[in-house]
Amino acid sequence: MITQEKIDAFIEKIPPSPKALRETIFALNAGELPKAAKAAKEDRALSAYLKDLVNKPIYGFRSEVSDVAQIFGILGVSRSQQAVYNYMITLLSPAKWQLFKLNKNSFNDLQAELSVAWQKILQHLNIDDKELESAISLLPASIIVSEALFCQKINDVKLLRSVHNIDFNTILQRLCEMDLFDICERIAQKWEMDARIEQIIQAASGVKPAEDADINKLGQWMHLLLFFTLSKAEFIEAGLNDFIDFQIEYVADIYDEFASVMEIE
Amino acid sequence: MRAVVKDGVGVFHPQGFLDGNSSASLLSIEDIEATIKLNADMVLVSLKKVIFFNRNGLDTFVKLFQKVRAANHIIVGFCDYDTKKYKTIMKFYNDELMFSLFKTQEIATLFAASFKNQSKNVLLYSDDKSQRAAMAIELHDNGHNPIVAQTQEEFDEKSKADNAYDIIIDDTFLGQMGQKVATRVTGNAIIYTVSSFLDAEIGNTFNIAYHNNSLNVGFRLFIFDAYKVVSMNVHALNFFSKLASSAAEYNATICFVGMTFEKTPLSFKETLEDAGIMFFEQMDDILGDKELLEELGASSAAAIKSKRMLNKEIVTEIPNFIDATVATIEMMTNSQALKEAVKMDKIEIENKENKIASSIGFYGDIDGMVILVFPQGIAKKACELLIGESTDDKELILDTLAELVNIVGGKVKTLLSDEGIHVDITLPRTYPNVDSLLEIAQDKKGVQVDLNFNNDNFLFFLTR
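1. Quick notes on the interface of chain B and chain A
Okay, so step 1: Between chain B and chain A, the residue contacts involve 31 residues of the former and 27 residues of the latter.
Okay, so step 2: Elements supplying a minimum of two residues to the side of chain B that touches chain A: β1 (4-6), β3 (16-18), α1 (20-26), β5 (50-53), α14 (312-333), α15 (376-387) and α16 (394-418) of chain B.
Okay, so step 3: Among the elements that make up the side of chain B that touches chain A, the one with the highest residue count is α16(B) (six residues).
Okay, so step 4: The class makeup of the residues in the side of chain B that touches chain A is twelve nonpolar, twelve polar and seven charged.

Dropping the structure here:
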């Protein structure tokens, strides 16, 4: 059904990050917002994405923001960087979703909801590190990878899952000894993202805790945040609720804290 | 979201946070209808992966329970929770608890009369006296040894003892129990559960089409679990006599277990015995006796008067059957299939060593049966995907094989329904070796397709 060759072909097809994007990220890393804005403007799709993103209700701006420099100014360095990473992930997303009932808009909603909530969590944890803030942008890549690998076999997978409670990540792991998060890691490497991002994403799978306690903690928060977000009606209807296995024990000790940060009653 | 069905128990596995919005999205109207049509003996919602729920979140499932119960009279409820969640649910539904609560899925199956894990020593406690009694009665009926702790202290004391009990039950609540003619397979016996008063109604509640097709697929032992039967009238007597004579055509055996004749005329028993029905006091008398079980359940050539031939309707659908089989096995083993030979004749198996087989019947607009003969290697590989590890446990492999054939059957069903042909499928029957398969299949004519997966020969046979 899915073979190592298919996975290799998928990874092979991941485009290198475009030049304008790299320059934008580079400038953002150096904290030079005007230079970053200038680079970003050259990529029309990126500009449009950023505009679309910050004008989503969840960001809560009263009037429309349209200039890239202005957007970067409002978001600040770390959130701008996160937004650019989010854009890079969308480059991988399929033109038409088949396995999950998503579209460009709802996928962007998912990214935005995760980003805003992640920000809240990092604030609560008193973490001020722009690379770690960007880590959340890679998480939705696991959804894209599932879609890409499983969309041709929707019916078979559905039948398999009708007799056995088994998630996409486990199916992939058992078939190819490589899981969704390993593939995400490869994406991160290809795009030269910070090495810690890969580690946090692996920990966020809930099945591969990191050795570093701080990274593991972030993995826990991210795992719980993912399921908090995927429990929203919009994403349940998209079929995302059980695409990976929720590891409830892994997040048990942070649940109360999480509930207070997210104001769950 | 759809329920995962295994051994007649359908389980939903929601994840994350359950509130009014999210759980409403989890269950669409089609999902609810599909659940009602499942024909399961028990429908459960596992809360294992749910970290947060509120009353609205559970209500969506409780409404599903009400609909399923009203339609099918089966056991419904939640399972897989901790004490905190149990108390919360009890608080939410204080006086209106119509569904059951089982601390684990394992506990739930004890009440599902599956006979898979029989004669368990069970320690149980509930602070509600009538609940304690109800649970003990149900467990006893299902062939277990319940030990009831009368107080929390006694329970704490007893539960400390290592290995004294197979299963310990607390934080469990029995809502209304089911009353359906339930079907399940253990080994190669089909068990039907009947209860209360058996009258003319049995003709409606008993799935005769299913029964006939099970006969055709090769099941030869049918056990009626009649522990809970109060009495039987003459209409039911006629029904079972007819059932027995139709079974005789296939050399099949029908047994009654646990039936008492306090309120049923003893002459009925004689009539039924004359018709060939056997009576046993305890389920263990049959299921515990491996020799008897083998003798009664062994596949035997059926002396069927009219030989059934493949007809045109089925032959035109053969590509669908093969596609379904090949696609499923390819998916489960991650290998490519090569079609080697196709012929129409009696089944012919070249190398009989290290092979296991399974058959599944279908009935409805067209009927027949598919036989699959697997090299053990392929069966093992498919098991790895489902259970996550390699195993040599033959029973487990046969069990998983049944699951796999079930998937094939499901796929055939979907492919055919795309063409407007509606069929139902029977439970799969498994054969530990080729000889036991040949006993029922050697005289049947059909279409045989030899396939090759990774240099292993795999055989597909379609017949009626």
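The rest of the description comes next.
2. Let's talk about the domain arrangement of chain B
Residues and elements named next belong to chain B.
Okay, so step 1: Partitioning chain B into domains gives domain 1 (4-169), domain 2 (182-297) and domain 3 (312-463).
Okay, so step 2: Just the C-alpha atoms count here: the centres of domain 2 and domain 3 sit 29 Å apart.
Okay, so step 3: If you tally residues by element for the side of domain 2 that touches domain 3, the top one is helix α9 (residues 208-217), at six residues.
Okay, so step 4: Looking at side-chain class alone, the side of domain 2 that touches domain 3 contains five nonpolar, five polar and no charged residues.

3. Focus: the packing of helix α11 (residues 180-190) of chain A against helix α12 (residues 195-204) of chain A
Residues and elements named next belong to chain A.
Okay, so step 1: The geometry of α11 relative to α12 is characterised by a closest axis approach of 9 Å and an angle of 165° between their N-to-C directions. On the basis of their axis angle, the class for α11 and α12 is roughly antiparallel. The way α11 lies across α12 gives a crossing that is right-handed. Taking contact as the criterion, the partners of Phe-181, Cys-184, Glu-185, Ala-188 and Gln-189 in α11 are, on α12, Ile-197, Glu-198, Ile-201 and Gln-202.

4. Quick notes on the sheet that holds strand β10 (residues 167-169) of chain B
Residues and elements named next belong to chain B.
Okay, so step 1: Spatial ordering of the open sheet is given by β9-β8-β10, a layout of three strands whose pairing is parallel. If you trace the sheet from one side to the other, it starts and ends with β9 (145-148) and β10, each paired once. Along the sheet, successive strands turn relative to each other by an average axial angle of 25°, direction set aside.
Okay, so step 2: In the sheet, strand β8 (residues 121-124) pairs with β9 via four bridges, with the strands oriented parallel. Its bridge partner being in β9, Leu-123 is matched across the sheet by Ile-147.
Okay, so step 3: Where helix α6 (residues 129-141) meets the sheet, it contacts β8, β9 and β10, and its direction lies at approximately 165° from that of β9.

Analysis parameters
Within any chain, residue numbers begin from 1 and follow the written order of that chain's sequence. To read the labels, note that chains go from A and ligands from 1, taken in the order they are written. Thresholds applied to this predicted model are a pLDDT of at least 70 for local features of residues and 80 or more for the giving and counting of side-chain atom pairs; totals over whole chains, interfaces and linings are not thresholded and use all residues. Here, residue contact means that the backbone-derived C-beta atoms of the two residues sit within 7 Å. Per the convention used, a helix needs a DSSP run of H or I reaching at least four residues, while a strand needs a run of E reaching at least two, with both numbered from the N terminus. Any residue that is not Ala, Val, Leu, Ile, Met, Phe, Trp, Tyr, Cys, Pro, Asp, Glu, Lys or Arg is counted as polar, Gly included; the first ten are nonpolar and the last four charged. Note: domain ranges come from an automatic or database domain assignment. Axes, fitted as lines to C-alpha atoms, cover a helix only where it is in contact. Angles between the N-to-C directions of the axes lie from 0 to 180 degrees. Working rule for angles: under 35 degrees goes down as roughly parallel, over 145 as roughly antiparallel, 65 to 115 as roughly perpendicular, anything else as oblique. By the definition used in this description, the sense in which the near helix is turned from the far one sets the handedness, with an anticlockwise turn below a right angle giving left-handed and a clockwise turn giving right-handed. Paired strands, in this sense, are two strands between which DSSP finds at least two bridges.

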